[in-house]
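For reference, the chains in residue letters:
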Amino acid sequence: MPPKLAQPADWDMDIRLPDAEDLNPDPNVLEVNIEAREAEVELVPGVKTRMWTYNGLIPGPLLRAKRGDRLIVHFTNQLPEPTTIHWHGVEVPASMDGTTAMQDPVRTGETFTYDYIIPHSGTFWYHPHINSSAQVGYGLYGPLIVNEPEEPIDADELVLVFSDVSLDEMGQLHPGDHLDWFGDYFGREGSVQLINGKVLPRVRAHPGVPQRWRVINASRAKLFQMAVPGVPLVRIGGDGGLIEHPLPIESLTLAASERAELWVVAPPGTHGEIEVLSEDADRFGLGVPEPPVALMTLDVIDVGPVDTPSLPEQLRELTPLDTSNAKLRRIEFGEVDVDGVGHLAIDGKAFLGDHSGEDGHHHEATHVAYVGDTEIWEIVNTTDYQHPFHLHGFSFQVLEQSGVAWPVLEWKDTVNVMPQSSVKMVVDYDDRPGLWMFHCHILDHAKLGMMAVLSVQRP
Ligand code: C2O
Ligand code: CU
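Now for a quick tour of the structure. Everything numeric here is computed off the predicted structure, so don't read it as measured data.

So, about the nonpolar core. In globular proteins that are soluble, nonpolar side chains generally tend to be buried together. Counting 93 residues, the largest nonpolar core has Leu 63, Trp 87, Tyr 116, Trp 377, Phe 389 and Leu 391 as the members making the most contacts within it. By residue number, the principal contributor to this core is strand E1 (residues 29-42), which donates five residues. With residues near it in sequence (within four places) discarded, Trp 87 still touches Leu 63, Leu 71, Val 73, Val 92, Met 96, Asp 97, Tyr 114, Tyr 116, Trp 125, Tyr 126 and Leu 144. By size, the runner-up hydrophobic cluster in this structure holds 27 residues, among which are Met 226, Val 264, Val 276 and Leu 298.

Within strand E28 (residues 421-428), six of the eight residues are buried, which leaves the element mostly enclosed by the surrounding structure. Across eight bridges, the pairing between strand E23 (residues 374-381) and E28 is antiparallel. When the sheet's bridge partners are listed, Thr 374 is paired in E28 with Asp 428. When strand E25 (residues 397-401) meets E28, the two strands line up antiparallel, connected through four bridges. Within the sheet, the bridge partner assigned to Gln 397 lies in E28 and is Val 426.

With that settled, consider the coordination of the copper ion (ligand 2). Protein coordination at the copper ion (ligand 2): the donors are His 387 (ND1), Cys 440 (SG) and His 445 (ND1), at 2.0 to 2.1 Å from the metal. Read in sequence order, the donor residues coordinating the copper ion (ligand 2) give the pattern H-x52-C-x4-H. With His 387 in strand E24 (residues 387-391) and Cys 440 in strand E29 (residues 434-440), this pair connects stretches of sequence that are 53 residues apart. Residue classification places His 387 among the buried positions, given a relative accessible area of 0%.

Moving on, we come to the sheet that holds strand E30 (residues 451-457). Taking strand neighbours across the sheet as the criterion, the five strands line up as E22-E30-E29-E24-E27 in an open arrangement whose pairing is mixed. The open sheet is flanked by strand E22 (367-370) and strand E27 (414-417), the only strands paired with a single partner. Taking the axes of each pair of neighbouring strands and ignoring which way they run, one obtains an average angle of 25° across the sheet. Across four bridges, the pairing between E22 and E30 is parallel. If you follow Ala 369 over to E30, its bridge partner there is Val 456.

Here the focus is the packing of aromatic side chains. Summed over all chains, the structure comprises 24 aromatic pairs. With a centroid separation of 6.0 Å and an interplanar angle of 80°, the aromatic rings of Phe 186 and Tyr 385 are classed as edge-to-face. Remark: Tyr 385 occurs in the loop between E23 and E24 and Phe 186 occurs in helix H2 (residues 180-186); sequence separation between them is 199 residues. Ring pairs connect the aromatic residues Tyr 54, Phe 75, Trp 87, Phe 112, Tyr 114, Tyr 116 and Tyr 126, which therefore count as one cluster. The residue whose ring lies beneath Lys 222 is Phe 224, and the NZ or CZ to ring-centre distance is 5.5 Å. Positioned above the aromatic ring of Phe 394 is the side chain of Arg 432, whose terminal nitrogen or guanidinium carbon lies 4.4 Å from the ring centre.

A separate point is the sheet that holds strand E6 (residues 111-117). Spatial ordering of the open sheet is given by E2-E1-E4-E6, a layout of four strands whose pairing is mixed. The two strands at the open ends of the sheet, each matched to only one other strand, are strand E2 (48-54) and E6. Each strand axis lies, on average, 25° off the axis of its neighbour in the sheet, ignoring direction. As paired elements, strand E4 (residues 70-77) and E6 share seven bridges and run antiparallel to each other. Among the inter-strand pairings, His 74 is bridged to a residue of E6, identified as Thr 113.

Reading the values: the criteria
- Residues numbered from 1 in each chain as written.
- Chains lettered and ligands numbered in written order.
- Predicted model: local features only at pLDDT ≥ 70, side-chain atom pairs only at ≥ 80, totals over all residues.
- Heavy atoms only, no water.
- Core = buried A, V, L, I, M, F, W, Y, C linked by side-chain atoms within 4.5 Å.
- Buried < 20%, exposed > 50% of the residue type's maximum accessible area, 1.4 Å probe, protein only.
- Helix = DSSP H or I, 4+ residues; strand = E, 2+ residues; numbered from the N terminus.
- Contact = heavy atoms within 4.5 Å.
- Pairing = 2+ DSSP bridges.
- Donors = N, O, S within 2.8 Å, 3.2 Å for Na, K, Ca; no water.
- Axes fitted to C-alpha atoms, helices over the stretch in contact; angles between N-to-C directions.
- Phe/Tyr/Trp six-rings, centres within 6.5 Å; stacked < 30°, edge-to-face > 60°.
- Lys NZ or Arg CZ within 6 Å of the ring centre and 35° of its normal.

Okay, here's the thing in structure tokens:
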């Protein structure tokens, strides 16, 4: 039998994100300091760009934990305006969710400690929840990777944080409200696409030796579509950890804030450099896609036959949520006029005030649900654009998208709703009462009002 082979030496050196420094000796506690501050970062080689960062890094420090671990984050804000940290996709207690519905903004110079148990594995991320379209656009986002205590997948992991940044001729950030209303309405996509804060980084691979890519779309608006010509892709995970069974895909499409795990194996005999492409996903349905842009170079080094491990047919045991007693909730992504200005809305109401920074605190609930209930949500999009729907705090199972059954059983917290179309998902509410935001994760759209507040209450 041919040998099992490791990755090439320094295979991920150009792109590997270092783990955050863990201040706590307890192996079941991850305790870190995170400071939001301005810093000069070299995104484009040779150009120093002034960004907003966590600990001076783009993306922010890689937090890596196991299901059941306790995460303690001592957070300090050294930015010129208030901010918070939201733990996207993590089923935290409401008080730890980092929205202005549940906590005071962390003002300049102030500190807040986030402290909670991480109940599920998955590929998560963190970002501000005040003025978030601007703050995420300025660079505030970072990965949170949560493995199972015993990982069932045997492959080397690579965390890939996709983002984009909008730079002027001097290589400096455009203001967060660049192009004003048009920027909000269409969603600001950057001029430069990044993986782990780099332009066109490089990864090495041996044919037949699998890599597990954990991909996070941390852009404020962009719909990423990634293809690796000549290399078959298999999706093995989504937002909330492994999916029930492997799903071969042509290319990986991730709406803003969605995540995926891929099993990537260059076929035997492959040799040389492959451009990993960012294809135009045609978010506006124009029908005339832009040419693809190279995102990353995959350098495949052939060393002869190897013994490739195969994927199990079932990756994870998942039970479909019982919908027999589910209540039906219908919400609508739409548009509305506010004082003669076009806004985006949920159920006819534009939510304004989460980007104020100062007064965004203590929002009133727009919707109510009860602990212990199971609900089927039908999310209807009456606009001509896509809107990635995100619910805080409670992961869900997608039943159908645009009338087509979802291809695999998995936990998600974000799902793209296509124009003039709808999504159905099922969610149940465990005992974590509080105010939970839900919104379009094109953060410019959330700013323009496409956001609402679900009050989960004990019956
Ligand atoms: Cu990732 Cu309310 O957000
Ligand atoms: Cu939207």
